[in-house]
Amino acid sequence: MEKSAITSMAQLCRMPLASEDVSGNDEERWSALMVSAQSGNEPDYRFLLGELSSCISRYLYRRFGAHHFIEDCVQETLIAIHQARHTYDARRRFRPWLFAIVRHKAIDMLRRQRSQQQLATAQQELRMTDAAGQNISPMEEDLAQGQLLLSLSPQYREAITLTKILGLSNAEAAARLSISEGAVKVRVHRAISKLKQLLEAETA
Amino acid sequence: MKDRDELISALSSNLQSVRPAANANAIALLWLLASVLYVVLITHWFGPIRANALTQLMSVPRFSLEMIVGLAAITLAALAAFRAAIPGALTPRFRTFAAFVMLVWLGGYVLGLVDPTLEPSILGKRDHCYIETALYALPPAMIACYLCRRLYPLKPVNTALRCGLAAGMIPALYMQVACMYIPSHILLFHIFPGLLIAVLTAAVALPWFARLRL
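A quick note: this is a predicted structure, and the numbers were derived from the prediction, not measured.

So, on to the overall build of chain B. In terms of helices and strands, chain B carries eight helices and zero strands. Each principal axis of the C-alpha atoms in chain B carries an extent, and together these give about 75 × 35 × 25 Å. Among the 214 residues that make up chain B, the fraction classed as buried is 49%. Taking the contacts inside chain B whose residues are at least 6 apart along the sequence as the reference set, 86% of them involve residues at least 24 apart. Roughly 10,400 Å² of accessible area belongs to chain B as shown, and the carbon and sulfur atoms make up 72% of that amount. Side-chain charges of chain B comprise 16 positive and 8 negative groups, with the mean position of each set lying 7 Å from the other.

Below is the structure:
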């Protein structure tokens, strides 16, 4: 394989670091804005939340791909930031504080994924896939954008995609993967733990 | 996107000023100081400490070291507990270091089963040291949970466990001078009740923390 091809593949597989989502200027500005928000400055707080929501969206899209739960996750994170704003200490860096909340919310959302609406969407996706005789659905293709999910082993990625992103039940996922329901549960649990570790490692 | 803008407007309108939480380390050290004072006072209140304990502390370096490492382990556990209640404040490195020091301290008593620090003796025996250890630890554990609850513990069970561990180990450590010194007795009647308090604190604090929308 040529060197340039190896480099481009390495770039493709490389996980974006949390620091790439935040520049040094952002860090200082957000810290100052949060201090101002703690003293009750509404415009500063609105501006801060606006910037943070874009940053969080970008962060999540790059790691998980374009999925319906990303927007929910961004909003949940904004609420958490609002509730936790008194714990921000201006003497500490803003980024670890912010990404600890983002990471927690992302994993939490992933765990809680599975509404009826998602199930309906998933079934529709599966029907489309079966009809076209394709191996992967459009929604699964979206996963390719999620570099964090790409870093999981294929077994874990399949399990978490079917249950937490496409919204299938454990039994349905087990039937599709031709494994037991227990094995699906184990794979999902391990996949979430692995995602948590990866997120912690990149923001540490 | 419209929803998000609406949410941002809702969160930022009529924004109340909030008092930034005090430094987690400062809260932890103040809590620790108050808890140690409380445990020492209440232990003396309910019975005298081992007669030769202070002499042993001065004359047996390994015993002094054991107590110092114990105090360090508890201090680190308390710092870790309060840091865990602030997003991003507890780093994996600090968490590992705190766990390591705690294991070294407790490992010392396991080692003591074959090579005791002091000559095993029933001198200073307290009849209900295990109950005392558990009961004395409860108020500091609950206060620690209360203080952490005012912050923002992202992992409530984990935080409560750490609070319980730090609180449970204070009387467990002090019993080394207040009660008889036999490593098997220490592990079973001082350390074990302290560990039990950690689990109990997590169980009690879980529904309490669950009311927080984390």
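Still more ground to cover, so stick around.
In this complex, chain B contributes 31 residues to the contact, which on the side of chain A involves 38 residues. Looking only at chain B, the three residues that lose the most surface to chain A are Arg4, Leu11 and Leu15 of chain B, adding up to 22% of its buried area. Our enumeration of links across chain B and chain A arrives at one salt bridge. Along the contact surface separating chain B from chain A lie eleven residue pairs in polar contact (both at pLDDT 80 or more). Here the residues of the side of chain B that touches chain A are counted per class, giving 14 nonpolar, nine polar and eight charged.

Formed by 63 residues in total, the largest nonpolar core has its most connected members in Trp31, Phe82, Met102, Trp105, Tyr109, Met169 and Ile191 of chain B. Counting residues per element, the ones that place at least two in this core are α2 (24-46), α4 (61-84), α5 (92-112), α6 (129-149), α7 (156-178) and α8 (183-210) of chain B. Excluding residues within four positions of it along the chain, Trp31 of chain B makes contact with Ala78, Phe82, Pro140, Ile143, Ala144, Leu147, Cys163, Ala166, Ala167 and Ile170 of chain B. Residues Ala37, Ala80, Ala191 and Leu195 of chain A belong to the second largest nonpolar core, which totals 58 residues.

Turning to the confidence of the model for chain A, a few remarks are in order. Residues and elements named next belong to chain A. Here chain A shows a mean pLDDT of 75. Residues at 70 or above account for 70%. Under a pLDDT of 50 for its full length, residues 1-16 has, in the predicted model, 15 contacts with residues more than four places off or in other chains. Note on residues 131-142: pLDDT is under 50 here. Beyond four places in sequence and across chains, it has 22 contacts.

Here we come to the side chain of His185 of chain B. Residues and elements named next belong to chain B. Looking at where His185 falls in the secondary structure, it is placed in helix α8. For His185, a relative accessible area of 9% corresponds to the buried category. Leave out the neighbours within four places in its chain, and His185 touches Cys129, Cys179, Met180 and His190.

Another aspect to go through is the pattern of salt bridges. All names here are of chain A. Throughout the structure, instances matching the rule amount to nine salt bridges over all chains. Put simply, Lys105 and Glu76 hold a salt bridge, and the shortest N to O gap is 3.8 Å. On the criterion of sequence distance, the pair formed by Lys105 in helix α6 (residues 94-112) and Glu76 in helix α5 (residues 68-84) is long-range, its members being 29 residues apart. As far as burial versus exposure is concerned, Lys105 and Glu76 are alike and both buried. Several salt bridges converge on common partners, so that one network encompasses Asp26, Arg29 and Glu51.

Rules used in this analysis
Here the residue numbers are simple positions, counted from 1 along each chain's written sequence. Both sets of labels track the order of writing: A upward for chains, 1 upward for ligands. Per-residue local features of the predicted model are confined to residues with pLDDT of at least 70, and side-chain atom pairs are confined, for both listing and counting, to 80 or more; whole-chain, interface and lining totals are unaffected and use all residues. Only hydrogens and water are set aside when side-chain values are computed; all heavy atoms of the structure are taken into account. Numbering of helices and strands runs from the N terminus; a helix is a DSSP stretch of H or I covering at least four residues, while a strand is a stretch of E covering at least two. Using a 1.4 Å probe on the protein chains alone, a residue whose accessible area is under 20% of its type maximum counts as buried, one over 50% counts as exposed, and one in between counts as partly exposed. The contact criterion used throughout is that any non-hydrogen atoms of two residues lie within 4.5 Å. We get accessible surface area from the Shrake-Rupley algorithm with a probe of 1.4 Å; when it comes to residues, only the shown protein chains can shield them. Think of it this way: Lys and Arg go in the positive column, Asp and Glu in the negative one, and His and the chain ends go nowhere. Positions of charges follow a simple convention, taking NZ of Lys, CZ of Arg, CG of Asp or CD of Glu. By buried area we mean how much accessible surface two parts lose on assembly, using a 1.4 Å probe and totalling the loss over both. Within this document, salt bridges are pairs made up of a side-chain nitrogen of Lys or Arg and a carboxyl oxygen of Asp or Glu, the two lying within 4 Å of each other. Counted as a polar contact is a pair of N or O atoms within 3.5 Å, where, for protein atoms, one must be capable of donating a hydrogen and the other of accepting one, and residues adjacent in sequence contribute only when both atoms are in side chains. Residue polarity follows a fixed list, in which Ala, Val, Leu, Ile, Met, Phe, Trp, Tyr, Cys and Pro are nonpolar, Asp, Glu, Lys and Arg are charged, and the others, Gly among them, are polar. Residues enter a nonpolar core if they are buried and are Ala, Val, Leu, Ile, Met, Phe, Trp, Tyr or Cys, with the set joined through side-chain atoms within 4.5 Å. In predicted models, pLDDT denotes the confidence assigned by the predictor to each residue on a 0 to 100 scale.

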